Amino acid sequence: MKKIIICVFSFLILSCQNEPKKEEQAIKTSEKEEEVTAVTDNFGIVLHGGAGTILKENMTAEKEAAYKAKLEEAIKVGHDILKNGGTSMEAVQKTINVLEDSPLFNAGKGAVFTNDSTNELDASIMDGSNLDAGAVAGVTTVKNPINLAIEVMKNSPHVMLSGKGAEQFAKERNLEIVDPKYFYTEERMKSLERVKEKIKNKEANKTTAFYDIDIKDSKFGTVGCAALDKQGNLAAGTSTGGITNKKWNRIGDAPIIGAGTYANNATCAVSSTGWGEYFIRAMVAHDISALMEYKGLSLKEASELVIQKKVADLGGDGGIIAIDNKGNVAMEFNTAGMYRAAMNASGELTVGIYKENE
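Source: prediction; values computed, not measured. (Residues numbered from 1 in each chain as written. Predicted model: local features only at pLDDT ≥ 70, side-chain atom pairs only at ≥ 80, totals over all residues. Heavy atoms only, no water.)

(A) Main features of helix α5 (residues 163-172). Among all positions in α5, only Ala-166, Glu-167, Phe-169 and Ala-170 are buried. Around the axis of α5, the buried residues are gathered within 160 degrees of arc, so they sit on the same side. In α5, the exposed residues that point more than 90 degrees away from the buried face are Lys-164 and Glu-172. Buried-residue contacts for α5 involve β3 (132-139), α4 (145-155) and β4 (160-162). Just beyond α5, the residue with positive phi is Asn-174, at close to 60 degrees. (Buried < 20%, exposed > 50% of the residue type's maximum accessible area, 1.4 Å probe, protein only. Helix = DSSP H or I, 4+ residues; strand = E, 2+ residues; numbered from the N terminus. Arc of directions from axis to C-beta. Contact = heavy atoms within 4.5 Å.)

Structure (structure tokens):
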């Protein structure tokens, strides 16, 4: 009988000792569930429509409203995709499509003209989940170059295609092909004529020429987007018509992975806009990621260091938009303005044009 009593008593003691552990385990499980929920519910998107000497005094009220409306339209397209569980890749693509289809931006329909009065388009895309990437350069008949960049990434063994070969691949992938006349806009043609005339009237001195705003801003343009989806995957893309009056099939940073576009789930997704030659030399997009990964800098710190110090010290200017794997956003630029917009998981919208938001 004593043995039975002792056994029962021992069982009760052990049960009491185990009870807190069960409660503790329940609390830990609950915490894990909250963590998972936080990750899957977190997402965000950010875009740019080019940087340069964008001053309020040079902008009509109607044009400012048009830019803001198109930026808002584009960001909401991508945000809706993410909100409904879509991928960051799809959100980036569809957001850029809106900007490519607008004559307001130097990409797709609004692409600037080369010295030969043609349009040569570049684009790139990168998937942060596996570091896969695709890019195209110097295409003249593809309506949405970002779509072709995605096809290169997904359906070819290559990362970058250019010129006629890229256009042939676009046809094989059944992308929308247009007559080069589709890209003509009166405003871009006038910009080319203005830049050519001013360069002709300048001394053959590059430094002197770049004091002129029209000539200097011929270097700017580009649209881009970066996004974080509910699955925790990052993606970034960039599309451009390059620079006004470019010669010799010049290619800038936009289609170059690591310079104009970079995405890595370990850190961030970045799209650049600015004077491409300097962004290539500084490998801007990758450098921001590397500073985060190797030095432990925040997205804000890394972006500020690269744009305000490294690029500026080289003599270049422009900006970036970026989002990290926690949903933090950066919109850093060292020019007078940058067309930009961002939306977070809460639906909070930011749209900006000038150095300080109005």
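(B) Quick peek at the pattern of salt bridges. This model, assessed by the stated rule, comprises 13 salt bridges. The salt bridge involving Lys-310 is made with Asp-287; its shortest N-O contact spans 2.9 Å. In this pair, Lys-310 is assigned in helix α11 (residues 299-314) and Asp-287 in helix α10 (residues 284-295), connecting sequence segments 23 residues apart. By relative accessible area, which is 33% here, Lys-310 ends up partly exposed. A salt bridge links Glu-304 to Lys-300, with the nearest nitrogen and oxygen atoms 3.6 Å apart. Note that Glu-304 and Lys-300 are positioned in helix α11 at a spacing of 4 residues, about one turn of the helix. Residues participating in the shared-partner salt-bridge network are Lys-56, Glu-64 and Lys-68. (Salt bridge = Lys/Arg side-chain N within 4 Å of Asp/Glu carboxyl O.)

(C) Broad picture of the packing of α4 against α5. Interhelical geometry of α4 versus α5 gives an angle of 80 degrees and a closest axis separation of 10 Å. In terms of axis orientation, α4 runs roughly perpendicular to α5. Seen from α4, the contacting residues are Leu-148, Glu-151, Val-152 and Asn-155; seen from α5, they are Ala-166, Phe-169 and Ala-170. For the contact of α4 with α5, the per-class residue count stands at 5 nonpolar, 1 polar and 1 charged. (Axes fitted to C-alpha atoms, helices over the stretch in contact; angles between N-to-C directions. Parallel < 35°, antiparallel > 145°, perpendicular 65-115°, else oblique. Nonpolar A, V, L, I, M, F, W, Y, C, P; charged D, E, K, R; others polar.)

(D) Representation of the sheet that holds strand β11 (residues 337-344). Spatial ordering of the open sheet is given by β4-β3-β2-β6-β5-β1-β11-β12, a layout of 8 strands whose pairing is mixed. Looking at which strands have only one partner, the edges of the open sheet turn out to be β4 and β12 (349-354). Neighbour-to-neighbour, the strand axes of this sheet turn through a mean angle of 5 degrees, independent of strand direction. Bridge analysis of strand β2 (residues 121-127) against β3 gives 6 bridges, and the strand direction is antiparallel. Looking at β3, one finds that Met-126 is bridged to Ala-133. Contacting β1 (44-52), β2, β5 (223-228) and β6 (234-240), helix α3 (residues 88-100) runs over the sheet at an angle of about 155 degrees to β5. Seen against the sheet, α5 touches β3 and β4 and runs at an angle of roughly 115 degrees to β3. (Pairing = 2+ DSSP bridges.)

(E) Local environment of the pairing of β5. Counting buried positions along β5 yields 6 of 6 residues, so the element is predominantly enclosed. Burial along β5 is two-sided: Val-223, Cys-225 and Ala-227 and Gly-224, Ala-226 and Leu-228, pointing in opposite directions, are all buried. Linkage of β5 to β6, two consecutive antiparallel strands, is achieved through a turn of 5 residues, within which Gly-232 is found at a positive phi near 85 degrees.

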